[in-house]
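Read off the chains here:
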Amino acid sequence: MSPRHAAAAPATLSPSDLNAPDASRSGLVLHARGLTASGSHGVIFGPVDLDLSPRQLTVIHGPKGTGKSALLLALTGRFRKTRGTLIIDGVDAIADPYHAIRRTSVATIGNYVQPEDRLTLAESIAERGYLDSVPLTHAEDRMRRIEELVGYTIERSTELEQLTAMEHAIASVALAMIRPSKLIVIDDADVMVPHAEQKELFEIFLRMTELDDSAIVATTVDDDMAPPGSIDIALPARHRAKVHPISGEQVAASPATPDASAGGDPAHEPTTQATEVTDS
Ligand SMILES: Nc1ncnc2c1ncn2[C@@H]1O[C@H](COP(=O)(O)OP(=O)(O)OP(=O)(O)O)[C@@H](O)[C@H]1O
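Conventions adopted
- The written sequence of each chain sets the order in which its residues are numbered from 1.
- Restriction of local features to residues with pLDDT of at least 70 applies here, the model being predicted, together with a cutoff of 80 or more for giving and counting side-chain atom pairs; totals for whole chains, interfaces and linings are based on all residues.
- Hydrogens and waters are ignored; side-chain quantities use all the structure's heavy atoms.
- UniProt positions are given in the numbering used here, feature names are shortened, and annotations may be inferred rather than shown by experiment.
- Each helix corresponds to a stretch of at least 4 residues labelled H or I by DSSP, and each strand to a stretch of at least 2 residues labelled E; elements are numbered beginning at the N terminus.
- Only the protein chains shown count as cover for residues, with accessible areas throughout obtained via the Shrake-Rupley method and a probe of 1.4 Å.
- When at least one non-hydrogen atom of a residue lies within 4 Å of a molecule or strand, that residue is treated as near it.
- Each polar contact in these results corresponds to two N or O atoms within 3.5 Å; when the atoms are within protein, one needs to be able to donate a hydrogen and the other to accept it, and residues that are neighboring in sequence are counted only if both atoms are side-chain atoms.
- For this scheme, ten residues count as nonpolar: Ala, Val, Leu, Ile, Met, Phe, Trp, Tyr, Cys and Pro. Four count as charged, namely Asp, Glu, Lys and Arg, and the remainder, Gly too, count as polar.
- Should any heavy atoms of two residues lie within 4.5 Å, those residues are counted as being in contact.
- Any residue with relative accessible area above 30% and no salt bridge may belong to a patch, with like charges joined within 9 Å and the nonpolar Val, Leu, Ile, Met, Phe, Trp and Tyr side chains within 5 Å.
- A pairing counts as a salt bridge when a side-chain nitrogen of Lys or Arg comes within 4 Å of a carboxyl oxygen of Asp or Glu.
- Between buried and exposed lies partly exposed: a residue is buried under 20% and exposed over 50% of the maximum accessible area for its type, with that area taken using a 1.4 Å probe on protein chains only.
- What makes a nonpolar core is a set of buried Ala, Val, Leu, Ile, Met, Phe, Trp, Tyr and Cys residues whose side-chain atoms join them at distances within 4.5 Å.
- Working convention: axes come from line fits to C-alpha atoms, limited for helices to the stretch in contact. Angles between N-to-C directions cover 0 to 180 degrees.
- In what follows, roughly perpendicular refers to angles from 65 to 115 degrees, roughly parallel to angles under 35, roughly antiparallel to angles over 145, and oblique to any angle outside these ranges.
- Rotating anticlockwise by less than a right angle from the far helix to the near helix defines a left-handed crossing, while the corresponding clockwise rotation defines a right-handed one.

- Per an unreviewed UniProt entry, the chain goes by the name Putative ribonucleotide transport ATP-binding protein mkl and belongs to Acidipropionibacterium virtanenii.
- The record in UniProt for the chain states the following under Sequence similarities (unreviewed entry): "Belongs to the ABC transporter superfamily."

Rendered as structure tokens:
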């Protein structure tokens, strides 16, 4: 991980920390209502309503500058401008972001958080383990378990820049999973990944969630990448979000309802829509 990596090294984790955090009483990995952020130029994203279950994928897409990266940061408790209700694995991420952040992990965000491409996979595992305070033997063991889920291994001496785009995306998420967490985010997951391989990429992401009963949220360049069972979030240029599950799974995002606890700007009525998409 390059110095751009955002994670500071906390105190070394105890063995119990190396187990995935308990799911919240609701069983949801994430519960968001009226999630929004504004800057000096107005709304950055939202309002967004979203419920994420364990082993669920979410795909966020939209034109450039519509707040995809900012929303990823917000969903992991890392965007201080966020307003609304955000519960991550049972922890109130607005009131207690530092507690909530420990339940999440960032694979990539823009140019700010990226694996260092000149490092080998072995070096990357060691560095991510160090940054996330996971002992090396545990980190290596976690990577082996992830590889079992993914279905292939990557030679440890391979530099990340030598990986294919799909391998690179998978490796980025795998490195973010060295420390157990409930929510992993990856920005621009499909960049440079051939369209024909993108379905497989998301199938592999889905398998990776089995390790910790986690959820993965990915932003994509293409707008048709959300596979069945996942949640699709479109961030249009007007900064309004449409959230709807793909057919075949339970409705995981409900139509926006005003939430008194949200604390958002009342001038911006929640506009998030939940629509069950049929196969036809
Ligand atoms: N901390 C911040 N404070 C104020 N404005 C911000 C902040 N972070 C992002 N923005 C603004 O929010 C908007 C959305 O930025 P963001 O990078 O999230 O968009 P994006 O959809 O990921 O774009 P791209 O596809 O180019 O990566 C931009 O106008 C950006 O300047």
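**A look at the overall build of the chain**
Stage number 1. Regarding its fold elements, the chain presents six helices and 10 strands.
Stage number 2. Working note: accessible area of the chain is about 12,700 Å², and carbon and sulfur atoms make up 52% of it.

**A few points about the site of the ligand**
Stage number 1. Looking at the ligand, the residues that line it are Ile44, Pro63, Lys64, Gly65, Thr66, Gly67, Lys68, Ser69, Ala70, Phe79 and Lys81.
Stage number 2. Separating an oxygen atom of the ligand from a backbone N or O atom of Ala70 is a distance of 2.9 Å.
Stage number 3. Here the ligand loses 58% of its free accessible area of 630 Å² to cover by the protein chains.
Stage number 4. Broken down by element, the shell around the ligand gets its largest block of residues, three residues, from helix 1 (residues 68-75).
Stage number 5. Grouping the constituent residues of the shell around the ligand by class yields four nonpolar, four polar and three charged.

**Things to note about the environment of Met177**
Stage number 1. Relative to the helices and strands, Met177 resides in the loop between helix 5 (165-176) and strand 7 (183-186).
Stage number 2. Sequence separation of Met177 and Arg128 is 49 residues, and the distance between their C-alpha atoms is 9.4 Å.
Stage number 3. Beyond its immediate sequence surroundings of up to four residues, Met177 is in contact with Arg142, Ile146, Ile184, Met208 and Leu211.

**Overview of unusual backbone geometry**
Stage number 1. For the bond from Gly46 to Pro47, the omega torsion is 5°, close enough to zero to count as cis.
Stage number 2. Mapping Pro47 onto the fold places it in strand 2 (residues 42-52).
Stage number 3. One non-glycine residue, Met192, adopts positive backbone phi at about 70°.
Stage number 4. Positioned with a positive phi, Asp213 is a non-glycine residue whose angle comes to about 50°.

**Examining a nonpolar patch on the surface**
Stage number 1. Taken together, Val191, Met192 and Val221 make up a surface patch of nonpolar side chains, about 320 Å² in accessible area.
Stage number 2. Looking at the element boundaries, Met192 is found in the loop between strand 7 and helix 6 (195-208).

**A word on the pattern of salt bridges**
Stage number 1. For the coordinates displayed, the defined rule picks out nine salt bridges.
Stage number 2. Here Arg156 makes a salt bridge to Glu147, at a shortest N to O gap of 2.7 Å.
Stage number 3. Arg156 gets classed as partly exposed once you look at its relative accessible area, which sits at 24%.
Stage number 4. A relative accessible area of 11% means that Glu147 is categorised as buried.
Stage number 5. Among the ionic contacts, a cluster of salt bridges with common partners joins Arg118, Glu159 and Glu161.

**Structural notes on the side chain of Asp51**
Stage number 1. Position of Asp51 among the secondary structure elements: in strand 2.
Stage number 2. Here His31 takes part through its side chain, which lies 2.8 Å from a polar atom of the side chain of Asp51.
Stage number 3. Within the structure, Asp51 has its side chain in polar contact with the side chain of Arg33 (distance 3.0 Å).

**Considering the nonpolar core**
Stage number 1. Membership of the largest hydrophobic core comes to 37 residues, with the highest contact counts inside it found for Val173, Ile186, Phe205 and Met208.
Stage number 2. Counting residues per element, the ones that place at least two in this core are strand 3 (57-61), helix 3 (121-131), helix 4 (136-150), helix 5, strand 7, helix 6 and strand 8 (215-220).
Stage number 3. With eight residues, helix 5 is the largest single contributor of residues to this core.
Stage number 4. In contact with Phe205, not counting residues within four places along its chain, are Leu57, Ala169, Ile170, Val173, Ile186, Ala189 and Ile216.

**A short note on the packing of helix 5 against helix 6**
Stage number 1. As a packed pair, helix 5 and helix 6 sit with axes 10 Å apart at the nearest point and diverge in direction by 15°. Overall, the two elements helix 5 and helix 6 adopt an arrangement that is roughly parallel. Remark: the crossing between helix 5 and helix 6 carries right-handed chirality. Packed against helix 5, whose contacting residues are Met166, Ala169, Ile170, Val173 and Ala174, the element helix 6 presents Glu197, Glu200, Leu201, Ile204, Phe205 and Met208 at the interface.
Stage number 2. Grouping the constituent residues of the contact of helix 5 with helix 6 by class yields nine nonpolar, no polar and two charged.

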